[in-house]
Amino acid sequence: MITFFIGLAILIIGGALYGRFVERVMKPTDVQTPATRMRDGVDFVPMKKWRNSLIELLNIAGTGPILGPIQGALFGPIAFLTIPIGCVIGGAVHDYMVGMISMRCDGEQTPAMVRRFLGKHIYHIYQVFVCLLLLLLGVVFIYTPGDLFVTQIMNQDASLGNPVIIIVYAVIFLYYIIATLFPIDKIIGKVYPIFGAILLLSAVGVFFGMFIKGYPMKEIWDTGIAGIHPFGEHFIPIFFVTVACGIVSGFHSTQATLVSRSVMDEREGRTVFYDMMIAEGFIAMIWAAAAMGAMYIGITDADTLHGAPTSVVGIVAKDMLGSIGGIIAIVGVIVLPITSGDTALRSLRLIIGDALHIDQTKKKNCLPMALVIFGVVAAVLIYSKMDANGFNILWRYFSWANEVTAVFAFTFITAYMIRKKMPFLIALLPGCFYCYVCISYILNARIGFGLPWTAAYIISGVLTALYAVLIIWYGRKRAVDPLTSSMP
C-alpha cells in the first residue's frame, strides 16, 4: 500500500501547497461578488462558504469519480499517482480558475466567457458542444442512479420490461424538474447537507473497509510505469478519458460558474472550488484502490471492472461493510449522480436562456424551457435502454466530450492569464496535455477515425503544438483587457 499512501500524500500536501500558489496568482480581492451585487433570489443568491463547498462537491462528484476509477484500476497502481497529480495541477486548477474568472465576469456561464476571451466563432462551436454534453450528462445521471437503485437496493431487473425502473426514473425526473426550476437556496441548498452526510459516510466507510478487510494492493515497482491493463489498452490516452471526472472534467466548469453566483467573498474561492476537487480526487482514489483490491482477492474480475463497473460498487460495498453498511455506501454512490444531474440540467437551462436572451427570473419563462429539455432527455434515455449498446456508445462520447470541454476551459483561462500578465503556463500545460489526449483518442477510437496508434500519436503531437502556439499568439494579440471593454 506504499504507492497508495504516496498518492494520498501528493493529493493532500500537494493540494494544500499548490492551491495556495494558484490563489496567490489570482490575488483575491474585496470587490463585491455577483452573489450580493446582482442578487435576484433565483440564481444569484448569497450562501455561506460551507454550503457552497458542499454544493460544489456534490455537483461535480457524479459517477465519474467512482465508475471511472474502477475501470482505471485495471492499469494498476500507476492510478494512485496519476489521479492525485492530475487533480493537483490539472483538475483543481481548472475548477478554481473558472470559478474565479466567472465571479469577475458577473457570474457568466462558460459559453459567455468563451465568447468574451476567445471570440464569437469559437463561442458558437462551444455553445452547441456544451449543450450536448450537459444533455448527455443529464441522461447518464438518470440512467446510472436509477439502475443502481433497482439492481443493488431492490435486487430487481433494470430493463424496461420491469415497471419499477420506470417509476424510479420518474421520481428522479421529478426531483430534477423541481431542482431546475426553484431558487438554488430553496431546494439544492436545503437537501444537499443530507446528501453530503451520506456521501461522506459511504466514502469513509469504504476507505476504512479496505484496511479492515485487508484488501491487497500492488506497488508501482511490481507492475512498472506502463501499467498492467489486461486488455492491452494504451495508458495515454485511454486512462485519462476513462477516469475523466476523477482527474479533469469539463463538466466541472459549468458547475463552478453556477456556484460562483452564490459565493460572497473571492477569498472563499480556494475552499469552494480548488479544495472540493481535491476531495473528489480522494473519492476517486478510494474506489480505484477498492476495485483493485477486490480483483486481487477474487471477489470480482477484470471483465467486470471493464464492462460492468456498477456491479463492482455493490460487490465491494457489501463485502466491506456488510448488508446494512453496504446499502449506505451504495446509497452514497446513487446520490452522487443525482446531485450532479440536477445542476447539469439547471446549467443547461441557464446557458440556453442566456443565449436566447430569456429572463429566467420569471418561472413562466423557465417552465417551457425545462419541459423541452426534459422531453429530449427522456427520449435519449429510452433509446439507450432499448438498444443493448446504446448506453455504452453514449458513455464513450460523453467521456471524450467531457475532456474536450475541459480543453475549451483551459484555453480561455490561458487567454485570460496572458492578458492579465499572469504565469499562464499553469493553465496552458494541462490544456496541452488534454488536447493531446482528446485528439489521439478520437483519431484511434472506433467511434472516431480508427487510425493506428502511431499515426494518432504523431498527428496529435503536431496539432497540440499548433494549439499552444495559436493560443499564445491570440492571447498576446488581443492586448485590450476584455473585462473593461465590450465582448467581441
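Scroll up a little and you will see the structure.
Basis of the calculations
Residues numbered from 1 in each chain as written. Predicted model: local features only at pLDDT ≥ 70, side-chain atom pairs only at ≥ 80, totals over all residues. Heavy atoms only, no water. Helix = DSSP H or I, 4+ residues; strand = E, 2+ residues; numbered from the N terminus. Buried < 20%, exposed > 50% of the residue type's maximum accessible area, 1.4 Å probe, protein only. Contact = heavy atoms within 4.5 Å. Polar contact = N/O pair within 3.5 Å; in protein donor to acceptor, adjacent residues only side chain to side chain. Salt bridge = Lys/Arg side-chain N within 4 Å of Asp/Glu carboxyl O. Expected span 1.5 Å × (residues − 1).

Draft legend 1. View of the environment of Arg270. Assignment of secondary structure puts Arg270 in helix H13 (residues 269-297). The exposure class assigned to Arg270 is buried, which follows from its relative accessible area of 17%. A C-alpha to C-alpha distance of 16 Å links Arg270 and Leu258, two positions 12 residues apart in sequence. Apart from residues lying up to four places away in sequence, Arg270 is in contact with Gly19, Arg20, Glu23, Tyr96 and Asp275. Of note is the side chain of Arg270, whose polar atom sits 3.0 Å from the side chain of Glu23.

Draft legend 2. Looking closely at the pattern of salt bridges. Evaluation of the coordinates by the stated rule reveals 8 salt bridges. A salt bridge links Arg267 to Asp30; the nearest nitrogen and oxygen atoms lie 2.6 Å apart. Of this pair, Arg267 sits in the loop between helix H12 (251-259) and H13 while Asp30 sits in the loop between helix H1 (2-26) and helix H2 (34-37), placing them 237 residues apart in sequence. Owing to a relative accessible area of 45%, Arg267 belongs among the partly exposed residues under this scheme. Asp30 gets classed as exposed once you look at its relative accessible area, which sits at 63%. When the shortest N-O distance is used, the salt bridge between Glu108 and Arg116 registers 2.8 Å. Just as Glu108 is buried, Arg116 falls in that class too. Via salt bridges that share partners, Asp30, Asp265 and Arg267 belong to a single interconnected network.

Draft legend 3. Looking closely at helix H18 (residues 425-444). With 20 residues, H18 extends 28 Å between its outermost C-alpha atoms, agreeing within 8% with the 28 Å of an ideal straight helix rising 1.5 Å per residue. Burial of H18 is extensive: 16 of the 20 residues sit out of reach of the surface.

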